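# A structural walkthrough
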Amino acid sequence: MLKELFSEITIKRRVKEIANSINSDYHGKVPVLIGILKGSFIFFSDLIREIKIDCEIDFMKVSSYRGSQSKGSVNLESNFSIDVRGRDVIIVEDVIDSGLTINYLINLLNELDPSSVVVASLLFKNEVAQLNSKPKYICFETSQDYVVGYGLDYNQKMRNLKSIKVLDKLDK
Ligand code: IMP
Ligand code: MG
């Protein structure tokens, strides 16, 4: 069973607010927005269309694995190609859950000598375990519930839903 958590209109309004913050925070700069695939693709495309300053875009694809014993590891499946040395980078993520993926991405980016690295995340699960710093831009804070839609999947499906919905435990 699916229960709506954030409607299409609520998401649209909030994404615009985040874009407005980016517009003023990066006034006079040309940030590089790096979308983390696949989950962020809808958020990313809605966000950049509300950004009015000059910006560049690129993408990375990562997957994470968490075993019952291990803390988990992140696998880089495809990298971005823009030279980010001296640039202002905004990592665009779908969900921050344990923080494993975003910590990996921030460390990876920081090694490339950018001028700055911040995170814009659609969702932030507020019981996050191991995070070095809170993302600068967050659309919505949520509980640990598993959510789908607006780019987020369950077994690669349901990314196409227009709103963000909670997937009831019975479906898992
Ligand atoms: P983390 O490494 O534990 O922070 O997990 C981050 C990644 O797990 C996200 O980028 C998503 O791809 C995936 N993920 C975590 N929670 C959800 C969810 O509720 N729905 C869909 N994907 C999720
Ligand atoms: Mg993701």
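Below: a short report on this structure. (Residues numbered from 1 in each chain as written. Chains lettered and ligands numbered in written order. Predicted model: local features only at pLDDT ≥ 70, side-chain atom pairs only at ≥ 80, totals over all residues. Heavy atoms only, no water.)

With that settled, consider the overall build of the chain. For the chain, the count of helices and strands is 3 helices and 9 strands. N-terminal to C-terminal, the α/β element order of the chain is β-α-β-α-β-β-β-α-β-β-β-β. The C-alpha radius of gyration of the chain comes to 16 Å, within 12% of the 16 Å expected for a compact globule of 172 residues. Projecting the C-alpha coordinates of the chain onto the three principal axes gives extents of approximately 50 × 40 × 25 Å. When contacts within the chain are restricted to residue pairs at least 6 apart in sequence, long-range pairs at least 24 apart make up 65% of them. Counting every atom, the chain has about 9300 Å² of accessible surface; 47% of that belongs to carbon and sulfur. In the chain, the 23 positive side-chain charges and the 23 negative ones have mean positions that sit 3 Å from each other. (Helix = DSSP H or I, 4+ residues; strand = E, 2+ residues; numbered from the N terminus. Rg over C-alpha atoms; globule rule 2.2 N^0.38 Å. Contact = heavy atoms within 4.5 Å. Areas by Shrake-Rupley, 256 points an atom, 1.4 Å probe, with all protein chains shown as cover. Lys, Arg positive; Asp, Glu negative; His and termini not counted. Charge placed at Lys NZ, Arg CZ, Asp CG, Glu CD.)

Attention now goes to the site of ligand 1. Residues in close proximity to ligand 1 total 16 residues, the closest being Arg66, Ser98, Thr101, Lys125 and Val147. Val95 places a polar main-chain atom, nitrogen or oxygen, 3.4 Å from an oxygen atom of ligand 1. One nitrogen or oxygen atom from the side chain of Tyr146 is found 3.5 Å from a nitrogen atom belonging to ligand 1. The protein chains hide 87% of the 490 Å² of surface that ligand 1 would expose on its own. Under a 2 Å grid-point criterion requiring more than half of the atoms, the pocket assigned to ligand 1 is the largest pocket. Where the shell around ligand 1 is concerned, the elements lending two or more residues are strand E5 (88-96) and helix H3 (100-110). Per element, the largest residue contribution to the shell around ligand 1 is 4 residues, and it comes from E5. Looking at the shell around ligand 1 residue by residue, the class counts come to 6 nonpolar, 3 polar and 7 charged. (Near = heavy atom within 4 Å. Polar contact = N/O pair within 3.5 Å; in protein donor to acceptor, adjacent residues only side chain to side chain. 1 Å grid on protein atoms, 1.4 Å probe; cavity = no way out; pocket = protein on both sides within 12 Å on 5 of 7 lines; lining within 4 Å. Sits in = over half its atoms within 2 Å of the grid points. Nonpolar A, V, L, I, M, F, W, Y, C, P; charged D, E, K, R; others polar.)

As a further point, take the packing of aromatic side chains. Under the defined criterion, the tally for this structure stands at 3 aromatic pairs. Their ring planes at 50° and their centres at 4.9 Å tell us that Phe44 and Phe59 sit as a pair that is tilted. Of this pair, Phe44 sits in helix H2 (residues 41-49) while Phe59 sits in strand E3 (residues 56-65), and the two are 15 residues apart along the sequence. Under the relative-accessibility criterion, Phe44 is labelled buried at 2%. On the accessibility criterion, Phe59 (29% relative accessible area) is partly exposed. Aromatic side chains Tyr146 and Tyr154 sit 6.0 Å apart centroid to centroid with 75° between the ring planes, which places their arrangement in the edge-to-face category. Residue class for Tyr146 comes out partly exposed when judged on its relative accessible area of 29%. Here Tyr154 falls in the partly exposed class, since its relative accessible area comes to 23%. (Phe/Tyr/Trp six-rings, centres within 6.5 Å; stacked < 30°, edge-to-face > 60°. Buried < 20%, exposed > 50% of the residue type's maximum accessible area, 1.4 Å probe, protein only.)

Coordination of the magnesium ion (ligand 2) by the protein comes from Glu93 (OE) and Asp94 (OD), over a distance range of 2.5 to 2.8 Å. One exposure class covers both Glu93 and Asp94, and it is buried. (Donors = N, O, S within 2.8 Å, 3.2 Å for Na, K, Ca; no water.)

Our focus in this paragraph is the environment of Ile91. With respect to the element layout, Ile91 can be found in strand E5. For Ile91, a relative accessible area of 0% gives the class buried. The sequence separation of Ile91 and Val118 amounts to 27 residues, and the corresponding C-alpha distance is 6.2 Å. In contact with Ile91, other than residues within four places in its own chain, are Ile34, Ile36, Ile102, Leu105, Ile106, Leu109, Val117, Val118, Val119 and Ala120.

None of the figures reported here should be taken as evidence of function without further support.
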